[in-house]
Amino acid sequence: MIASCLCYLLLPAARLFRALSDAFFTCRKNALLAKSSSTQVEGNFAMAPRGPDQEECEGLLQQWREEGSSQVLSTSSEGPLVDKGLAQSSLALLMDNPGEQDAASEDKWSSRQLSDLRAAENLEEPFPEVLGEEPLPEVEVPMWAAVPVQTGPQYADCAVLPMGALAAEQWEEDPAVVAWSIAPEPMPQEEAPIWPFDGLGQLQPPPVEIPYHEILWREWEDFSAQPDAQGLEAGDGPQFQFTLMSYNILAQDLMQQSSELYLHCHPDILNWNYRFANLLQEFQHWDPDILCLQEVQEDHYWEQLEPSLRMMGFTCFYKRRTGCKTDGCAVCYKPTRFRLLCASPVEYFRPGLELLNRDNVGLVLLLQPLVPEGLGQVSVAPLCVANTHVLYNPRRGDVKLAQMAILLAEVDKVARLSDGSHCPIILCGDLNSVPDSPLYNFIRDGELQYHGMPAWKVSGQEDFSHQLYQRKLQAPLWPSSLGITDCCQYFTSCHPKRAERLKYSRDFLLRFRFCDIACQRPVGLVLVEGVTDTKPERPAGWAQSLLEEDTLEPEPVFPRTVGTIQHCLHLTSVYTHFLPQHGRPEVTTMPLGLGTTVDYIFFSAESCENGNRTDRRLYQDGTLKLLGRLSLLSEEILWAANGLPNPFCSSDHLCLLASFGMEVTAP
């Protein structure tokens, strides 16, 4: 009876001892693994069975009785899951039980494990020194903490986030505003260690994710204090300063029609709502006074863009492409800075002309700058702003030249002053032509000899010289019926006034009764006696035929040059199309991953004759002065940001931004 009671009491204690033993060895194993990186210690622990049975517990009890359980208990009390008092009371009960004292049941694995435990307790140095390894330096590891990342619906399931995976908590403002307003801190360059092993490749560390705002950082280049060609500073005298932005914002319909061009983009960043929010942030950050947009989808313009820009203080004008096209061009200005004088939409489509059967358009505005009242009685010349999107087709350079001639003729008409000169002009847009191409040189130099030139060579977008058949430009490039001279000006025909108006008297009308046509019997005329059986008799003395006067307007006659077109607007590009600090050309778009420049801002300025100037100003300031510009990027930088569009730039083009100053003169 007493024996059964003792067994009943000792059974829970044995179970408790087994649990304490498991916890003890688990804690010691973790401590040893933390102190040593050796695989030998880890292997010894791996040899031990997962849970000791009853004989193993007896062997461990005998070992503790010989050495004294105080040291072991003090060591085991360091684990966070062991209660010291409970362990001592349980071990005392087990040691008083003579039926569980059998020293012969101790196995080899338990003695090895206990020796490792004793060595770990008595050693003052860490385990790597015992094993013959150099001790690892102690590194202060920062505490781990959960970082809450707030992701909006536009970033859901997005492969690349705009500012990195854990950078969302740094966006105290809008991500685009922070990205554009904070310059990246320069990182010190560390010398790469010398790789001592010849013939073996060194394993490179994984690339570090760089935020998009650091990759796509664009600097503002200030020219306000730089002297011009005459040595005068651009800031001398009072000026009316303003900024202008030109931006192809990528119409959503065109993007969906050419989806193969955007396979590198995550679908979420191609969503219009995501792109529209990014575009608005870009407009708000740069805050231009004049905004020229291309590829503006009509429904998006009237439903979203125009109301949003009106709330931002803009007055907008829009011209949709002709035909069934759904996009067009827009020019927006701030009425607090300018007053509209006239707006002239330009359509390049001309029915009946194969050369001008495309639906591209342009928009020309004449704006009057509003001078602040503090300057007194002063005046500023009007400003002519032209915005266009020229045909893309690289093979049809003849169409592009004809479209540009129509736009230049409209600009010449709008910008011409009473004395025959022109007011300051800014021409911008997507011209679908590369720098130094014949079309680009024609706009900048004012003259182009085109006769016999292959049509594909006009824009320079692609090289089709390998093709057997090549369309070549013939003179004249457009017919005289277009009403535009070879100097890109409208031709005004001045016909002499007629001496007198035609008097439709009875005698005049009776003249047509006896004309040759009236005397011929019509075919199929039913013969009616007394009505259609008679033939009118021509009175004596009347002529056999009546010379009908030509009522059509004669085709305008004006002198045509042979294979040469010109203009007299004196335009110069804001950008130089080369990045000297990188040694790479500037890029405004990346179709199919190939960087190129097709977007421009031209303004009224005389080019310098000396092409070897060391500064960045290759023109002579006139009434309109360039005060600064937003730098462009190279192809390599855009490659690092996964091309265009990306989570930071929501168009396949970069925006162009420039600051100008206009002379303020006394009346």
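Since the structure is predicted, the reported quantities are computational estimates derived from the model, not experimental observations.

J.: What's the story with unusual backbone geometry in this structure? I'm lost.
T.: Most peptide bonds take the trans configuration, and most residues that are not glycine carry a negative phi. Of note, the bond from Ala475 into Pro476 is cis; its omega dihedral lies within 30 degrees of zero at -5°. Among the secondary structure elements, Pro476 is positioned in the loop between β10 (447–449) and α15 (506–510). Across the junction of Leu644 and Pro645, the peptide omega takes the value -5°, indicating a cis bond. Position of Pro645 relative to the elements: it lies in the loop between α16 (635–640) and β19 (656–663). The phi dihedral of Leu250 falls on the positive side, at around 65°, and the residue is not glycine. Relative to the helices and strands, Leu250 resides in the loop between β2 (239–248) and α10 (252–257).

J.: Looking at this model, I keep getting lost on the environment of Ile215. Mind explaining?
T.: Within the element layout of this structure, Ile215 appears in helix α9 (residues 212–215). For Ile215 and Leu638, which are 423 residues apart along the polypeptide, the C-alpha to C-alpha distance reads 7.9 Å.

J.: How should I be thinking about the side chain of Gln294 in this particular structure?
T.: Relative to the elements of secondary structure, Gln294 occurs in strand β3 (residues 290–297). On the basis of relative accessibility, which here comes to 0%, the residue Gln294 falls in the buried class. Within polar-contact distance, the side chain of Gln294 engages the side chain of Asn387 at 2.8 Å.

J.: I would appreciate a short explanation of the pattern of salt bridges in the present structure.
T.: Pairing between side chains of opposite charge can happen when their charged atoms approach one another. Enumeration according to the criterion identifies 17 salt bridges in this entry. With a shortest N-O distance of 3.1 Å, Asp398 and Arg396 are connected by a salt bridge. We note that Asp398, like Arg396, is buried. The partner of Arg444 in a salt bridge is Asp445, and the shortest N-O contact between them spans 3.2 Å. Overall, Arg444 belongs to the partly exposed group, its relative accessible area being 28%. Overlapping salt bridges, with partners in common, bring together Glu354, Arg396 and Asp398 in one network.

J.: What's the story with the sheet that holds strand β5 (residues 327–333) in this structure? I'm lost.
T.: Two modes of strand pairing occur in sheets, parallel and antiparallel, and in both the strands are linked by backbone hydrogen bonds. Sheet architecture is open: seven strands sit in the order β1-β18-β19-β2-β3-β5-β4, paired in mixed fashion. Strands at the two margins of the open sheet, each flanked by one partner only, are β1 (220–222) and β4 (315–320). Strand-to-strand, the axes of this sheet are offset by a mean angle of 20°, without reference to chain direction. Pairing analysis gives six bridges linking β3 to β5, with the strands arranged antiparallel. Pairing of Ile290 across the sheet is with Tyr333, part of β5. Along the sheet face, helix α11 (residues 272–286) touches β2, β3, β18 (624–630) and β19 and points at about 165° away from the line of β2.

J.: Explain the pairing of β3 to me, please; I cannot follow it from the model alone.
T.: Where a strand is regular, its side chains alternate between the two sheet faces. The element β3 is largely enclosed, with a buried count of eight among its eight residues. As paired elements, β2 and β3 share five bridges and run parallel to each other. Bridge pairing links Leu244 to Ile290 in β3.

J.: Honestly, the sheet that holds strand β9 (residues 425–430) in this entry has me stumped. Any pointers?
T.: With mixed pairing, the six strands of this open sheet are ordered in space as β6-β7-β8-β9-β15-β12. The two strands at the open ends of the sheet, each matched to only one other strand, are β6 (338–347) and β12 (571–573). Neighbour to neighbour, the strand axes of the sheet diverge by 20° on average, direction disregarded. The pairing of strand β8 (residues 383–389) with β9 spans six bridges and is classified as parallel. Within the sheet, the bridge partner assigned to His389 lies in β9 and is Asp430.

J.: Please clarify how helix α14 (residues 438–445) should be interpreted in this entry.
T.: Every α-helix winds through 3.6 residues per turn, so residues three or four apart in the chain are directed the same way. Where burial is concerned, most of α14 is hidden: six out of the eight residues are buried. Turning to α14, its buried residues number three or more, namely Pro438, Leu439, Tyr440, Asn441, Phe442 and Ile443. Buried residues in α14 make contact with α13 (397–415), β10, β11 (564–566), β12 and β15 (599–604). Just downstream of α14, Gly446 is the residue with a positive phi angle, here 85°.

J.: Got a minute to help me understand the nonpolar core in this structure?
T.: Soluble globular proteins: nonpolar side chains tend toward being buried together. Phe242, Phe283, Ile290 and Phe660 are the most contacted members of the largest nonpolar core, which has 64 residues in total. Excluding residues within four positions of it along the chain, Phe242 makes contact with Asp289, Ile290, Phe338, Leu383, Ile426, Leu624, Ala658, Ser659, Phe660 and Met662. In terms of nonpolar packing, the next biggest core, distinct from the first, is built from 46 residues, Tyr348, Val364, Cys488 and Leu569 among them.

J.: Honestly, the packing of α11 against helix α12 (residues 298–311) in this entry has me stumped. Any pointers?
T.: Packed helix pairs are specified by the crossing angle of their axes together with the interaxial distance, meaning the distance between the axes. Running from amino to carboxyl end, α11 crosses α12 at an angle of 30°, the nearest separation of the two axes being 11 Å. By the angle between their axes, α11 is roughly parallel relative to α12. α11 and α12 meet at a crossing whose hand is right-handed. Residues Trp272, Asn273, Phe276, Leu280 and Phe283 of α11 form the contact with α12, whose participating residues are His300, Gln304, Leu305, Ser308 and Leu309. Class assignment for the residues of the contact of α11 with α12 results in six nonpolar, four polar and no charged.

J.: Would you explain a nonpolar patch on the surface in this entry?
T.: A grouping of Val526, Val528 and Val531 is seen on the molecular surface, where their side chains present a nonpolar patch of about 270 Å² in accessible area. Along the polypeptide, Val531 turns up in the loop between α15 and β11.

J.: What should I look at first to understand the packing of aromatic side chains in this one?
T.: Aromatic rings in a pair are described by how distant their centres are and how their planes are angled relative to each other. Across all of its chains, the model carries 14 aromatic pairs by this definition. Both rings, one in Tyr301 and one in Trp302, keep their centres 4.7 Å apart while their planes meet at 80°; by these two values the pair is edge-to-face. Take Tyr301: its relative accessible area is 2%, and that puts it in the buried class. A relative accessible area of 49% places Trp302 in the partly exposed class. Site record: aromatic cluster; members linked through ring pairs are Phe240, Phe242, Phe338, Phe603 and Phe660.

Calculation criteria
Residues numbered from 1 in each chain as written. Predicted model: local features only at pLDDT ≥ 70, side-chain atom pairs only at ≥ 80, totals over all residues. Heavy atoms only, no water. Helix = DSSP H or I, 4+ residues; strand = E, 2+ residues; numbered from the N terminus. Buried < 20%, exposed > 50% of the residue type's maximum accessible area, 1.4 Å probe, protein only. Polar contact = N/O pair within 3.5 Å; in protein donor to acceptor, adjacent residues only side chain to side chain. Salt bridge = Lys/Arg side-chain N within 4 Å of Asp/Glu carboxyl O. Pairing = 2+ DSSP bridges. Axes fitted to C-alpha atoms, helices over the stretch in contact; angles between N-to-C directions. Contact = heavy atoms within 4.5 Å. Core = buried A, V, L, I, M, F, W, Y, C linked by side-chain atoms within 4.5 Å. Parallel < 35°, antiparallel > 145°, perpendicular 65-115°, else oblique. Left-handed = near helix turned anticlockwise from the far one by under 90°. Nonpolar A, V, L, I, M, F, W, Y, C, P; charged D, E, K, R; others polar. Patch = residues over 30% accessible without salt bridge, like charges linked within 9 Å, V, L, I, M, F, W, Y side chains within 5 Å. Areas by Shrake-Rupley, 256 points an atom, 1.4 Å probe, with all protein chains shown as cover. Phe/Tyr/Trp six-rings, centres within 6.5 Å; stacked < 30°, edge-to-face > 60°.

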